[in-house]
Amino acid sequence: MKRYLLYILLLPTFFSCGKSKDDSVFPETPDQRIEKVLKDYAAKLTAAPYGWKMKVIPAGVSGDVHSYYFWMRFNDGNRVISRLDNKEPLESSYRLKALQRPELIFDTYTYLDDKIDPVGAIFAAYFGSEVPLFDFEFEIISATTDSIILNGKYSGSKAILLRASPTDSTNSSMLAPHAGTYNAVGRALCYSGPEPVGVPDTISISRRKAAVPLAEDNAILLDYSNEEIFSGMYRITFDPGTNKVTAVAPGKFLEDKVRPGSFKMLTFSSDPALKQIYLKSSYINLNNQYCEVEETLTLK
């Protein structure tokens, strides 16, 4: 009996020790811990003196996905300045909030809103009727002083913030050095039949072309040929070390508008110092005509 009484007397001591141990593991309340995490993210966002380069990969499209690039600088007053390409800086507001996980929310107009209606001709040519989906509320997956990984809360778009250098605020596309506007000069030939026989119809090419970055690094989509003959897109890949072109292929829409298996890249070359690309290709169109396109492109 005395032994049982001793156990009973010791029970409060055991519970007291256990409670003290739990308290030492969780000295803060859940709200306090969440607040601490949000403050840490806020400190990282505002600590970059030259802002951040933001790469966004939209959801809602298949195949090669076009990515978008922005420049952003956050301050501790919940204000953010953004830039898109060489447009004027735009100031708006943002919030950090914790729901199921910490979130970065752009709650007033930024240049992200411009991409709700992307460059229509480019997406119509390459993706057909598919429409890219963008988010303005991002869950924060991870964060360091140099990079922050984000995931779109509603559409599932992906984004990464990379700490910017002093020159990046003047060009938000520093992550995509091959994107931009190219001056194209060349010619397009179309013969009356499926072989290059006889006198072709010749159309001179002299126009500007928009090249947009793909989600994978060092690749772009670029308008193909001359709109009087054809519309479609090249898919061009560059070596990240030398910046020379390593591969050229037709985009999906381009393949759909030629006789199956007829598109060929005859030759290509590039000069990174001059920012030039030389391309020569051929295909047989749906009218059973052999066509050849040759052009030199210079990045402006």
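Keep in mind that what you see is a predicted model, and the values were worked out from it rather than measured.

1. Remarks on the overall build of the protein
Helix and strand counts for the protein stand at four helices and 16 strands. Burial status across the protein gives 40% buried among its 300 residues. Long-range pairs, those at least 24 residues apart, make up 51% of the contacts in the protein between residues at least 6 apart in sequence. In the form shown here, the protein has an accessible surface area of approximately 16,200 Å², with 54% of it arising from carbon and sulfur atoms.

2. Thoughts on the sheet that holds strand E8 (residues 158-163)
The sheet built from eight strands closes into a barrel, its strands ordered E1-E2-E3-E4-E5-E6-E7-E8 with antiparallel pairing. Averaged over all neighbouring strand pairs, the angle between strand axes comes to 35°, with direction disregarded. One ladder, built from five bridges, connects strand E7 (residues 147-152) with E8; its direction is antiparallel. Looking across to E8, one finds that Ile149 is bridged to Ile160.

3. Observations concerning the state of the cysteines
Under the counting rule described, the total for this entry stands at one disulfide. Residue Cys190 pairs covalently with Cys291 via a disulfide, S to S 2.0 Å. Here Cys190 and Cys291 share a disulfide; its torsion about the S-S bond, 100°, makes the bridge right-handed. In this pair, Cys190 sits in strand E9 (residues 180-190) while Cys291 sits in strand E16 (residues 290-299), placing the two residues 101 residues apart along the sequence.

4. Some points on the environment of Glu139
Relative to the assigned elements, Glu139 resides in strand E6 (residues 137-143). C-alpha of Glu139 to C-alpha of Gly156: the two residues are 17 residues apart in sequence and 9.9 Å apart in space. Residues contacting Glu139, with those up to four places away along its chain left out, are Arg101, Pro102, Glu103, Ile149, Leu150, Asn151 and Lys153.

5. Points about the pattern of salt bridges
All told, the structure shown has eight salt bridges when counted by the stated rule. Across the pair Asp40 and Lys44 runs a salt bridge whose closest N-O atoms are separated by 2.8 Å. Linking Asp40 with Lys44, this pair stays in helix H2 (residues 30-47), spanning four residues, or about one helical turn. Residues Arg187 and Glu294 are paired through a salt bridge, measuring 3.8 Å at the closest nitrogen-oxygen approach. Placement of Arg187 in strand E9 and of Glu294 in strand E16 is noted, with a sequence separation of 107 residues between them. Judged by relative accessible area, Glu294 falls into the partly exposed class, the value being 23%.

6. Description of the side chain of Asp223
Relative to the helices and strands, Asp223 is located in strand E11 (residues 219-223). Setting aside residues no more than four positions away along its own chain, Asp223 makes contact with Arg207, Lys209, Ala210, Gly232, Met233 and Tyr234.

7. Thoughts on the confidence of the model for the protein
Per-residue confidence for the protein averages 82 on the pLDDT scale, and 80% of its residues sit at or above 70. Taken together, the stretch residues 4-16 has pLDDT below 50 and engages in zero contacts with residues farther than four places along the chain or on a different chain.

8. Section: the pairing of E11
The side chains of a regular strand alternate, first on one face of the sheet and then on the other. Of all the five residues making up E11, five are buried; the element is thus mostly covered by neighbouring parts of the structure. A two-sided burial pattern is seen for E11, the buried positions comprising Ala219, Leu221 and Asp223 on one face and Ile220 and Leu222 on the other. Summarising the sheet, strand E10 (residues 201-213) and E11 pair through three bridges and their orientation is antiparallel. Following the sheet pairing, Pro213 is matched in E11 by Ile220. Where E10 folds back onto E11 in an antiparallel hairpin, the turn is made up of five residues, including Asn218, whose phi is positive at roughly 65°. In terms of strand pairing, E11 meets strand E12 (residues 233-238) through five bridges, oriented antiparallel. Paired with Asp223 across the two strands is Met233, which belongs to E12.

What counts as what
Residues numbered from 1 in each chain as written. Predicted model: local features only at pLDDT ≥ 70, side-chain atom pairs only at ≥ 80, totals over all residues. Heavy atoms only, no water. Helix = DSSP H or I, 4+ residues; strand = E, 2+ residues; numbered from the N terminus. Buried < 20%, exposed > 50% of the residue type's maximum accessible area, 1.4 Å probe, protein only. Contact = heavy atoms within 4.5 Å. Areas by Shrake-Rupley, 256 points an atom, 1.4 Å probe, with all protein chains shown as cover. Pairing = 2+ DSSP bridges. Axes fitted to C-alpha atoms, helices over the stretch in contact; angles between N-to-C directions. Disulfide = S-S within 2.5 Å. Salt bridge = Lys/Arg side-chain N within 4 Å of Asp/Glu carboxyl O. pLDDT = per-residue confidence, 0-100.

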